[in-house]
Amino acid sequence: MQRIKILLWMIPFLALLLAFQIFSGLSPALIPYQVHQATGLALAGLVVFHVILNWTWIRTNYLKR
């Protein structure tokens, strides 16, 4: 159950970070590059953590033999 609680928090945060990355990439005059870069690193780290948490589902559905 702990995994589900983490994912319920993480998924909207991932969506928010992705939207921010798109916005800051399209309007570099409004947001400094360092903020864009830091947000991108946070997004990448959360994506890796998301895949780790969902690895059983990924293995079951996509890595069948």
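Refer to the structure presented above.
Every value quoted in this text rests on a predicted model; they were computed, and no experiment measured them.

### Overview of helix α2 (residues 33–53)
Logical step 1: In this model α2 runs 30 Å from its N-terminal to its C-terminal C-alpha over 21 residues, within 8% of the 30 Å that 1.5 Å per residue would give.
Logical step 2: Restricting attention to buried positions, one finds in α2 the residues Thr39, Leu43, Leu46 and Leu53. Viewed along the axis of α2, the buried residues span an arc of 80°, placing them on a single side of the element. Set apart from the buried face of α2 by more than 90 degrees, the exposed residues are Tyr33, Gln34, Leu41 and Ile52.
Logical step 3: For α2, the secondary structure elements touched by its buried residues are α1 (2–26) and α3 (55–62).

Parameters and conventions
Residues numbered from 1 in each chain as written. Predicted model: local features only at pLDDT ≥ 70, side-chain atom pairs only at ≥ 80, totals over all residues. Heavy atoms only, no water. Helix = DSSP H or I, 4+ residues; strand = E, 2+ residues; numbered from the N terminus. Expected span 1.5 Å × (residues − 1). Buried < 20%, exposed > 50% of the residue type's maximum accessible area, 1.4 Å probe, protein only. Arc of directions from axis to C-beta. Contact = heavy atoms within 4.5 Å.

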